[in-house]
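# An overview of the molecular structure
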Amino acid sequence: MTALLEVDNLRVAYGKIEAVKGISFTVEAGEVVTLIGTNGAGKTTTLRTLSGLLTPTTGTIRFNGHPITGTPAHHIVALGLAHSPEGRHIFPRLTITENLQLGAFLRKDTTGITHDIHRAYELFPILGERAKQPAGTLSGGEQQMLAMGRALMSRPKLLMLDEPSMGLSPIMMRKIMDTIAELKASGTTILLVEQNAQAALSLADRGHVMEIGKIVLSGTGTDLLHDESVRKAYLGED
Ligand SMILES: Nc1ncnc2c1ncn2[C@@H]1O[C@H](COP(=O)(O)OP(=O)(O)O)[C@@H](O)[C@H]1O
Ligand SMILES: [Mg+2]
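In this text the structure is predicted, and so the values were computed from the model without any measurement.

## A look at the coordination of the magnesium ion (ligand 2)
Note on the magnesium ion (ligand 2): its protein donors are Thr 44 (OG1) and Glu 86 (OE). The metal-donor distances range over 2.0 Å. Residue Thr 44 is located in helix α1 (residues 43-50), and its partner Glu 86 is located in the loop between β6 (81-84) and α3 (96-102); the two are separated by 42 residues in the primary sequence. Judged by its relative accessible area of 23%, Thr 44 falls in the partly exposed class. Judged by its relative accessible area of 31%, Glu 86 is partly exposed.

Put into structure tokens, the structure is as follows:
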């Protein structure tokens, strides 16, 4: 069986600086795969390249059987790959509903869109309660919920989340992680980038540790959670 996402020997550079140095990994349908690693490891660069926002210098990306290396970002969304970016990037002056509608910009099925907006409200009740308010009035954690809800509005086959817990209170972080677990249970395939290794590995089927542009360690979430080098480097143990 071929994987939903296949990344092979991907290299990405900003000018002369190579940020991703030949990484390979796969994501199977139904899996949660996590990329963990410290700041600057190349995680965001990887997701932005998968989304078509950056062009790799070499390597191939196959998604759902299609080669997508060099494909424009909106085509990639149309193929079913959605991205909730680092820093959320919601539109603060637009209402919560309008932000969600933007996530469905490629769709024409009005009834389906309305249905999915209500589904986002079920997943995140606060978004429904505040539907008509400008998104800029939401707290950081609520904005994260909106960014995830918006990404889901394209009905993705693969949802990529970049640092969903960044800057959140422990309670809000728990809520976001619980929602990711809920999405996983409902069959959503997820590529999760996190600096919170403990939380990410606890819910991921598989994980990869990135260090300065390379994957240095791979395993099941459980294996990595119990790996001594991971515990020392990422879980604050000595
Ligand atoms: N727009 C950019 N221009 C130049 N260098 C960048 C840019 N964005 C990221 N980098 C560099 O690329 C490397 C990887 O960054 P990034 O992918 O953001 O890592 P991570 O998401 O793992 O923290 C870092 O050294 C970073 O400084
Ligand atoms: Mg990042």
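Next comes the rest of the description.
## Notes on the pairing of strand β4 (residues 58-63)
Two strands pair when backbone bridges link them, and strand β1 (residues 5-14) and β4 are joined in this way by five bridges, in the antiparallel orientation. The residue bridging Arg 11 from the neighbouring strand is Thr 58, located in β4. The pairing of β4 with strand β5 (residues 66-67) spans two bridges and is classified as antiparallel. In the strand pairing of β5, Arg 62 is matched with Pro 67. Linkage of β4 to β5, two consecutive antiparallel strands, is achieved through a turn of two residues, within which Asn 64 is found at a positive phi near 50°.

## Describing the site of ligand 1
Around ligand 1, a shell composed of Tyr 14, Ala 19, Thr 38, Asn 39, Gly 40, Ala 41, Gly 42, Lys 43, Thr 44 and Thr 45 is seen. Here an oxygen atom of ligand 1 and a backbone polar atom of Ala 41 are 3.1 Å apart. Between ligand 1 and Thr 44, the relevant distance is 2.8 Å, taken from an oxygen atom to a side-chain nitrogen or oxygen of the residue. Protein burial of ligand 1: of its 560 Å² of free accessible surface, 59% is covered by the chains. Here the shell around ligand 1 is built from residues that sort into three nonpolar, six polar and one charged.

Analysis parameters
Counting restarts for each chain, with residues numbered from 1 along the sequence as it is written. Think of it this way: whatever chain is written first is A, whatever ligand is written first is 1, and the rest follow in order. With pLDDT at 70 or above as the cut-off, local features in this predicted model cover only qualifying residues; side-chain atom pairs require 80 or more to be listed or tallied, and sums for whole chains, interfaces and linings still use all residues. Excluding hydrogens and water, the side-chain values take into account all heavy atoms of the structure. Counted as donors are the N, O and S atoms within 2.8 Å of the metal, or 3.2 Å for Na, K and Ca, while water is not among the atoms, so some sites may look incomplete. Secondary structure counts use DSSP, requiring at least four H or I residues in a row for a helix and at least two E residues in a row for a strand, with both numbered from the N terminus. The classification of residues rests on relative accessible area computed with a 1.4 Å probe and restricted to protein chains. Under 20% of the type maximum is buried, over 50% is exposed, and intermediate values are partly exposed. For two strands to be treated as a pair, DSSP must find at least two bridges joining them. Each residue is tested against the molecule or strand, and it is near if at least one of its non-hydrogen atoms lies within 4 Å. The term polar contact refers here to a pair of N or O atoms within 3.5 Å; inside protein, the definition further demands a hydrogen-donor-capable atom paired with an acceptor-capable atom, and it admits residues adjacent in sequence only when both atoms are side-chain atoms. Computed with a 1.4 Å probe, the accessible areas rest on the Shrake-Rupley method; for each residue, only the protein chains presented here act as cover. Throughout, the ten residues Ala, Val, Leu, Ile, Met, Phe, Trp, Tyr, Cys and Pro are labelled nonpolar, Asp, Glu, Lys and Arg are labelled charged, and all others, Gly among them, are labelled polar.

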